[in-house]
Structures are given as C-alpha cells and as structure tokens.
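# A structural walkthrough
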Amino acid sequence: MIIKRSLYNILLLFIISFLLLASQDSLSVWDEKVAIFENTYNGDSLAYYYQQKANYYKQTDSLDEWAYTYWDWQAVEFEDSRKSLQILNHVIENAWRASKTEAEAEAILWIQVNRGYHLFQLGKISDAVKAYETALILYQKYHFPDFEALDYLYLPLGAHYTRLGDNEKARALYLNAIETHPDGVSASALAGVYNNLGLTYWNENDQINAINAYKKGLNCKDLLPIKSGLLELSLAQSYLEVNNFKEASYYIEKAIAILNIIKKHSPDEEGIYDYLSGAYLVKARLLQSEGAIASALSMLQQALEYGRIGRGTFQHRDIAKIRIELGRCYLQMNNAVKAITAFNNALSSLIPDFPVNEINALPEVEQLYEENSIYEALEGKADALILLYQINKKQKTLELALECHQLAGQTELLLRRLLQYESSKITLLSQSRRRVEKAIDIARQLYILSKDTTYLYNAWVNAEQVKSSVLLEAVQRNYFQELLISNDSLLIKSRNIRQQVAYFERLLLLESNAPQYAEWIQQKDELLQELQKTEETLQQKHPAWAALQQQTERFSTASIQELKQTMPQHTIIEYFIGEKHIEIFGQSPTGKATWQRVEQPDTLANQTQTLLSYLQSRAAMQAPDAYRALAYKVYQSILESPLSELDNTNQNLLIIPDAWLAFLPFEALYYQAAPQEGWERAPFLLHQYDIHYAFSLAVLKSQKQLSGQAKHNLLQIAPRFTQKERGLPPLLLSQEETPVNSTCNSRQFADHKASFEQWKRIAGDYRVLHLSTHAGVDTNGLLPSVEFYDRTVYLPDIYALSLQSDLVVLSACQTGLGQFRKGEGVMSLSRAFTYAGAKGLVSSLWTINEAATADLFSRMYEELKAGRSKPTALHQAKIAYLDDTNVPAFQKSPYYWSGIVYLGEESAIQWNDCNNDRLPIILSLLTGGFLVLFFILYLFKLRFKQ
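First, a word on scope: everything that follows refers to the structure included in this document.

Criteria and thresholds
Residues numbered from 1 in each chain as written. Predicted model: local features only at pLDDT ≥ 70, side-chain atom pairs only at ≥ 80, totals over all residues. Heavy atoms only, no water. Helix = DSSP H or I, 4+ residues; strand = E, 2+ residues; numbered from the N terminus. Contact = heavy atoms within 4.5 Å. Disulfide = S-S within 2.5 Å. Phe/Tyr/Trp six-rings, centres within 6.5 Å; stacked < 30°, edge-to-face > 60°. Buried < 20%, exposed > 50% of the residue type's maximum accessible area, 1.4 Å probe, protein only. Lys NZ or Arg CZ within 6 Å of the ring centre and 35° of its normal. Axes fitted to C-alpha atoms, helices over the stretch in contact; angles between N-to-C directions. Parallel < 35°, antiparallel > 145°, perpendicular 65-115°, else oblique. Left-handed = near helix turned anticlockwise from the far one by under 90°. Nonpolar A, V, L, I, M, F, W, Y, C, P; charged D, E, K, R; others polar. Pairing = 2+ DSSP bridges. Core = buried A, V, L, I, M, F, W, Y, C linked by side-chain atoms within 4.5 Å. 1 Å grid on protein atoms, 1.4 Å probe; cavity = no way out; pocket = protein on both sides within 12 Å on 5 of 7 lines; lining within 4 Å. Points joined across faces, edges and corners; volume = space filled by probe spheres on them. Patch = residues over 30% accessible without salt bridge, like charges linked within 9 Å, V, L, I, M, F, W, Y side chains within 5 Å. Areas by Shrake-Rupley, 256 points an atom, 1.4 Å probe, with all protein chains shown as cover. Salt bridge = Lys/Arg side-chain N within 4 Å of Asp/Glu carboxyl O. Lys, Arg positive; Asp, Glu negative; His and termini not counted. Charge placed at Lys NZ, Arg CZ, Asp CG, Glu CD. Polar contact = N/O pair within 3.5 Å; in protein donor to acceptor, adjacent residues only side chain to side chain.

### Looking at the overall build of the protein chain
- Along the protein chain, the regular secondary structure elements total 36 helices and 16 strands.
- Along the first, second and third principal axes, the C-alpha set of the protein chain runs to 105 × 105 × 50 Å.
- Long-range pairs, those at least 24 residues apart, make up 70% of the contacts in the protein chain with a sequence separation of at least 6.

### Some details on the state of the cysteines
- All chains considered together, the criterion is met by 0 disulfides.
- The cysteine C404 is free of any disulfide, with C329 supplying the nearest cysteine sulfur at 20 Å.

### Let's talk about the packing of aromatic side chains
- Scanning the model with the defined rule gives 39 aromatic pairs in all.
- Relative to W73, the ring of Y50 lies with its centre 5.9 Å away and its plane at 10°, an arrangement referred to as stacked. Of this pair, Y50 sits in helix α2 (residues 43–59) while W73 sits in helix α3 (residues 63–76), and the two are 23 residues apart along the sequence.
- W73 sits in the buried class, given a relative accessible area of 10%.
- Sitting above the plane of the Y389 ring, K393 keeps its charged end 5.4 Å from the centroid.
- R444 extends its terminal NZ or CZ atom over the ring of W595, reaching a point 5.0 Å from the ring centre.

### With respect to the environment of V34
- Among the structural elements, V34 can be located in helix α1 (residues 2–40).
- You can call V34 buried: its relative accessible area is 7%.
- Counting along the chain gives 800 residues from V34 to T834, while the straight-line C-alpha distance between them is 64 Å.
- Look past the residues within four positions of V34 in its chain and what remains in contact with it is L46, Y49 and Y50.

### Considerations on the packing of helix α7 (residues 149–164) against helix α8 (residues 167–179)
- Two elements in contact, α7 and α8, have axes whose closest approach is 7 Å; the angle formed by their N-to-C orientations is 155°. Relative to α8, α7 is oriented roughly antiparallel. Relative to α8, the crossing made by α7 is left-handed. Between α7, through L150, Y154, L155, L157, G158, A159, Y161 and T162, and α8, the contact on the second element is made entirely by N167, K169, A170, L173, Y174, N176 and A177.
- The residue makeup of the contact of α7 with α8, split by class, is 10 nonpolar, 4 polar and 1 charged.

### Here's the deal with the pairing of strand β5 (residues 690–693)
- Every second residue of β5 is oriented toward a common face, with D690 and H692 on one face and I691 and Y693 on the other, all of them buried.
- Sheet topology places strand β4 (residues 652–656) next to β5; 4 bridges connect them, and they run parallel. Paired with L654 across the strands is H692, a residue of β5.

### Here's the deal with the sheet that holds strand β9 (residues 775–776)
- The 3 strands are arranged β9-β10-β11 in an open sheet whose pairing can be described as antiparallel. Looking along the sheet, the strands with just one partner apiece sit at the ends: β9 and β11 (792–794).

### A short note on the nonpolar core
- Core analysis: the largest hydrophobic core is formed by 300 residues, its most contacted members being F666 and W759.
- A total of 11 residues in this core trace back to one element, the largest contributor, which is helix α17 (residues 372–392).
- Apart from residues no more than four positions distant in its own chain, W759 is found in contact with L715, I717, L769, L771, F788, L801 and F833.

### Considering empty space enclosed by the protein
- Counting across every chain of the model gives 4 cavities of 30 Å³ or more.
- In this structure, the second largest cavity occupies an estimated 120 Å³ of space.
- R477, N478, Q481, S494, R495, R498, Y799, A800, L801, S802, Y835 and A836 together form the lining of the second largest cavity.
- Those elements that provide at least two residues to the lining of the second largest cavity are α21 (469–483), α22 (489–510) and α32 (829–836).

### Remarks on the layout of surface pockets
- If you add up the space inside the second largest pocket, you get close to 610 Å³.
- The biggest single contributor to the lining of the second largest pocket is α22, with 4 residues.
- Across the lining of the second largest pocket, the residue classes tally to 9 nonpolar, 13 polar and 7 charged.

### Concerning a negative patch on the surface
- Together, E148, D151, E269 and E270 line one region of the surface with negative charge.
- With a relative accessible area of 74%, E270 lands in the exposed category.

### What to know about α32
- In terms of residue burial, α32 counts as a mostly covered element, since 8 of its 8 residues are buried.
- All buried positions along α32 are accounted for by L829, S830, R831, A832, F833, T834, Y835 and A836.
- Put simply, S828 is the residue that caps the front of α32, since its side-chain oxygen is 3.3 Å from the backbone nitrogen of S830.
- One or two steps after α32, the chain reaches G837, where phi turns positive at roughly 130°.

### Quick word on the side chain of S349
- In this structure, S349 sits in helix α16 (residues 336–350).
- The exposure class of S349 is buried, given its relative accessible area of 4%.
- Non-local contacts of S349, meaning those with residues more than four positions away in its chain, are made with F314, Q315, H316, I319, A320 and R323.

### Thoughts on the pattern of salt bridges
- As enumerated under the stated definition, the model contains 42 salt bridges in all.
- One salt bridge connects K493 with E530, and the closest N-O pair in it is separated by 3.8 Å. Of this pair, K493 sits in helix α22 while E530 sits in helix α23 (residues 517–541), placing them 37 residues apart in sequence.
- A salt bridge links E787 to R726; the nearest nitrogen and oxygen atoms lie 3.0 Å apart. Of this pair, E787 sits in strand β10 (residues 785–787) while R726 sits in the loop between β6 (712–718) and β7 (747–750); the two residues are 61 residues apart in sequence, bridging distant segments of the chain.
- Look at E787 and you get buried, because its relative accessible area is 11%.
- Residues participating in the shared-partner salt-bridge network are R506, E757, K760, R791 and D797.

Don't take any of this as a statement about function, it's just geometry.
Next comes the structure, spelled out in structure tokens:
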C-alpha cells in the first residue's frame, strides 16, 4: 500500500511538472501572439491572449502578475479611456483576494492610478479622486522606491481636489509633498506642485499667495521650459484677477511664446496642447476685459482647437470651460442666441447626448454630478435667457432661466456633499451667493408679473440655501446623535477624532509660521479622512442619518410655511443682502407673506455702521440726538414697511439678519421719531416687540428638534482673574450673575477651578452653561476667543465639544462678533456653541458693562425659573431694568442693555426636577432616623431587662 501511494505521488508530481512546463511554453506563445497583434492591432485576438495569460496567473495565485497583465492590456488601449477603464475595473471587481505582499500592493496601486487617469478623461472626477485616494493609502503604507509619486499621484490627486473646490485638502497634499521631497523645496520636480498649490489659492481669490507660489515654482532649479510656460500662464491668470493688466499681458505673452517653441520642436511633448489651450484661454480673458471681444473670440477658437488635440475629444471639462468663456463673450456682445448655443455646447461636453440646438433644453436632475463647470454653464445659460427675455418678453423665458438656477443649485449641493473640509464648503457657498442673487432677481420679476407667492417662497428658499449651511449640518448631526446613537462606539470614535482635529486646527490657527506647519496639515488631513470613513460607516449602520441629511437639504417653501404651526405667535422677518439690493422676506403667524426690496445697500450699510458706533460708545450716548435720528431712519429703511404690510399685532418678532445686519440689535431702533427725552420714555422697538434672532430658518428648525438629555441644571464658570492672571483684568461681580447657589443640580467653578479641561469634561451634562469671563476678537475679526482660567479657548476647541444645552449664556465681551463669511454668516463664539449643540445662546455684540450685565442676568434667571421662554426672559429682564427707578438714568441708554441678544429656538428651559435630587437625601435621613430609633429601643430594652 505504501509503495502504491509513493508511485501515485511520483506520477502526480510528474503531471504537475509537465503542465507547468507546458504553461511556461504557453506563456511564451501568448506573449509572441500579443506582440504580433499589438503591431497589427487586432482587438479581439489581443483580448483572447491577454485573458489566457490572466487565467494562468490566477490559477497560480499570482495576484501581481494577474493585475499587471490587465494593466498591460489597457496600455495598448490607452487612447480609448472607456475600453481601458473597463479592463482595469475587471481587476478591482474580480480580484480573488486582497494583496498580501509589497509587490502585489504595488500592482494594485498602478491599477488604481490608471483608473484615476481614465476616469478623469471621461469627466468622472469624484470617482477619479476615490481611485487616487486608494492608491495613496497603498503608497503611504509601503513607499515603493521606484514609484514616481509626485507625478503619478500627488499632482493629479491634488488637481482633482482643486477642481472640486476642496482647496484646503489639496494644499495639505502639496505642502506635504514639498516639505518631504528628498531633493529640497527648490527641486525642479516640484515646479508642477507649486503651480497647483498656487491654483488652490487662486480658487479662493487669494491672489497674493497664488502669485508667491507660482514664483517659487519659477525659482526651482533646472526648470524645464514646459513647466516655465505653465507657471507663467498661471501668473498671468492671477494678475488678471487683480486687474494688473500690464503684468498679466507680460506673462501670458511669455507663456505663449515658450509653449509655441516647444510645440514646434517637440510636438509630442506631454501636456503641450493642454497648456497651450489654457494659455489662449487666459489670453482671451485678458482681451475680453479690455473690450476686444472679436480678438477674444479668435483666441478662444484657438484654445478650443488645442484643447481638442490635447484631450482627443470635445467631451471634457476643459473644453466646457472654453465654451463657457465663449458664451460669456457672446453675452458681452448682447447676442443671446449665440450665447445660449455656447452654453449648450458646454453642457454637451459634460453631459453626453445633450441637445445642443434646442434653446429650451435643460439636463435632467439624474444627469447632474459633482462638477463645477455644470453649474457655471447653467448660470451662463440663465444669463443668456434673461438677455433673450429683454427681446421676446415671454414669461416662459424667465421661468426657464429660473429653472437653470434651480439645477445649478442641485449641482452645487452634490459638490458640497463631496467636500471634506468645511472651509472648502464655505468657499463654495460664498461663490454660490452671487449666483443666488441672480436667481432671486429672476424670481422677483416673475413675482411682479404674476403676483404668485410661489415665486416669493422660491426666492426665500434660495436665500436660505446660502446661509449657515455648514452650521446646519452640525446641528443636524447633533440631533441625530442625540436621538439615535448616543452610546454608539463609532459615535464615540467620531467625537474623539473631532477633538484631535480641533487640536491641530488650533495649532494651525495660532502658529502659522511654525516649521511643523506642513506636518500638522498632513496629520489633520489624515484625521479628517479617518473621520469621513467613520461617519460613512455610521450612516451605513444607521440609514436614518442619511435620511435626516436629505431632509435638511430639502428645506423648501413648505418648511417656511410650517413654521407658522411651530411658532404660532411669531412674525418672521429674514434679510438677504446682495450687491444691488436688500431683499426682505416676511411671514405673519396667519401665514400672510411679504417681500420688500431696498435699494442702495451700501448706503444703508454705512448708516448701520455709524449707528453701531454710537451704540458702542458711552460718550455718544451722553449726547444722543444723532443716534436718535439715525435709529429711526434705519428702522424706516429696513423694518417699517414689511411690518406694516403684515398687519402685525402680536409682540413676538423673529429676525434672521444677514451680513452687517447680524451686528445690529434691532430692539435699540426707534419705531417712531421722538424729541429729546429720557431713555425711560424712548420709543425703542423693545417696547413694541419681544425680539430674538436665528442664524437661518433651517438652522432654527433643526435646533427646535433637539431635545437635550442633560441631567443637571446650571453650570457656571467664573475665573474672576482676581490676581490679574495672564494679564487679564479682574471680574469681581461675575459670581453674582446666576442663581447657581439656589438652583438644585447646579455647580459653579470659580478661579483656578474654572479650567477649560475640567469644564469640557462635564459641560455636556448641563442644561444651562453660563460663562462669566472675558472674550473678544482680534482686530481682523478672525480669532474669536473666550478666556478660561488656564488658557484661551478658540473656535476649533468649541466646535469639537458635544453639548446638550438648552441655553448657553456668554457673559463676556463681543461673543457675537467675528469674521463675516459670505454664504455662512458670522464666525463667532455664538456660532461655535450652536455648532457644538446649544439650542439657544445669549451673547454680546460689544464690550459690556459688568454691573449692568450682572443686573440683567439676575433678572433674566428669575424669569427663566418662572417658566418664561428664553427670548422672553431676556426681553422681560430688559424691560424691568428700564422700568427700575433704582437704575441711574444714564445707565438706561442702549449701550448698557441692547448689546445682549438671544439667538436660537424659543422654548422655555425644561429644568430638571429638584425633588429627584432631594430623594437620596430624604432616604438617607429616614434610614438614619430608623437606625437611631432602633438603637434607642435597643438600649431601652437592655435597661428594662436589668
């Protein structure tokens, strides 16, 4: 039996060896056949022999050779990106196992890199990003020595981030590549990186940093002529943006001259036609800005031809960009029909089979994807339709233009979902605001023509879409976390990552010149990638999260009208400040709506700024005639007409401000002209309305959904700084601002106990957080901060908190101030605490008087404990303060009280029941009493026995 088994094994080994030798012979034959059919090009025969090779490598479990076989096959079909991508996708879809070795990982990296290339060629930028990101993970794990990561990975991936608008993410990639390059930061290989780095700044209209980056690229050692041409055309583009036409002309002529020489002597130089196409596009824009439209059109035709040669097709975003510029030229020539055709052509470069010659054609919603050229083409077409309307006067033309903007908004939303950095989302929103202003103007014309309130609400919804959208995402995330997964391990991981991100954001904010800056950016980027994956997993685990997000994004006419059910006693006024007009939308509790338009926003902005300068000055309030006149004038300009049209009789007024109006306390306006008189009898709007504010209606709606699970009532921090710690002036009255000592389930941290680290550990357990401390902003409004005993706390620190507060009271100076970002609002401490989970905020608009503040807050808490709503409690406290004869007359000027405002939803605080606190004490006392009684009885019994 043993002999038979041995013979069997020998025979089996012989057969396997024979088959392997035969397979090796077959590999040689297949390679010969592949070479023959590559030369004569026979696609079917090539496919057959490549598949034979691939099957052999799969049978021998050679994952790397199997993948390289498909890579070689797609290299033959490289000019046909659709076919090449199909070949490469087969590898991703049919790999029988994950890579185990470095060699196998490198093979998969090459598959993903080429997938990224072909996906981009087909216009699928978001999918290209995913392919390159997968390749980057493999590269960062193994750092393959022969792989040219700069050219094949960092440059294309960063460029795609920039195309999508994720400029900060692209910068993180480029800065890391520059700082870690082995040949130093002036290596010639980095010239392209500097060019793309400059483009990230160009996209954000930061031309100073863009120009600096391009010039660093030009200073690289042994610079290739083609890179020099690229950097010079980029420089021309930035100088054009700042209207420096002389420098723009100088650099674009240099770029075109260099690139044409290269084309003449080396027409096969990679990228030469793409760069020439870009150069002629910049030249056309320069001519267009100088009014030489005919010459600009000629340059654009040249750009179009070079673009077609470079890309090998008209179906590409770069071609779309040129066609969009053609459309803008025709708009400048007032040729509506040619402009519409040009924008249709642009859309056809992005959306296959789009009907170019149909003026009324629009893409279907399902055809839209994450591409900024789509919304640029749609915006351009809307402009052309408005031009056509001026000729044909057909309402249908206006309606079609408005529909263009609706589709553009959908595309922007798709793109915003894709962006990872919040700064990039805000930049996109800022750019969207200009387009939204056009959409509102079209809706206005249709509203006047038809008197149909559908257009009023359409405009209102458009205004809402570019207000506090990033903040809205945070509030909605807080709601989901609170409602569904408060103890989920993935949620805990997400919160921890956010804390780590906040650490690096703080470093980047405060130490921008540190040598570790690039490394910090890289570490922050890695954390954000981990956060994105964690939250994607959370959404897969809890589909309700994604549903809630979509519900938020669908804020609509119905959402505005529904507020009259949830806020039955409130009149709503919302502002949208554009370049040409101020739009004022209003709705009464009955549902009646109004839309007012104010001209000359710059004039009103100056008046408001002057009014604020009076309010913030005690000296100005001592001679208040100028203030009184202006307070009534501003009221007449922005509020009197909409309130009168709404026939308002209730006393609750919700205001959604915008831009510089966010810094104005409306309750300090005069609702009628008044002679010189004491402040007690002044016609402040405060006496007419109980006023509060919100960041946007959508944010307010989401805040109203927050239930708050905090177990305790009131937590106050009062550092006091009695010894002028860290150079800060003392706050001797701060402990008197809250009833913490008389409120159960409450605590106060004073002096050294008022540290941020200690406070943030327990802040999420309290319904009311009261910060009695210093706060402020830097001179540029860029760095809002609040002082704890141990350190200064900045916005990133607060964003990373997880609060469940009904109310946060910021008893400190200028907590409502910060930089205004178009599309998002004021980046203030108030916004930061809302982002972290607060349902409502009391904050200040200027440096406040400590004694008056302590008085107001003491009165406010009395009202809150009596069950008043949060905005009403503050309102009543101000009324009582003005009516109090013990308050000196001069302290009743609006300087002392109007700078304290309420933002957020309007409910009362649901104080935790104090009886629950007393129950353990009562039980302890009863238990102790029974023990004492038992002991007395026991002693009595012993004595009785004796």
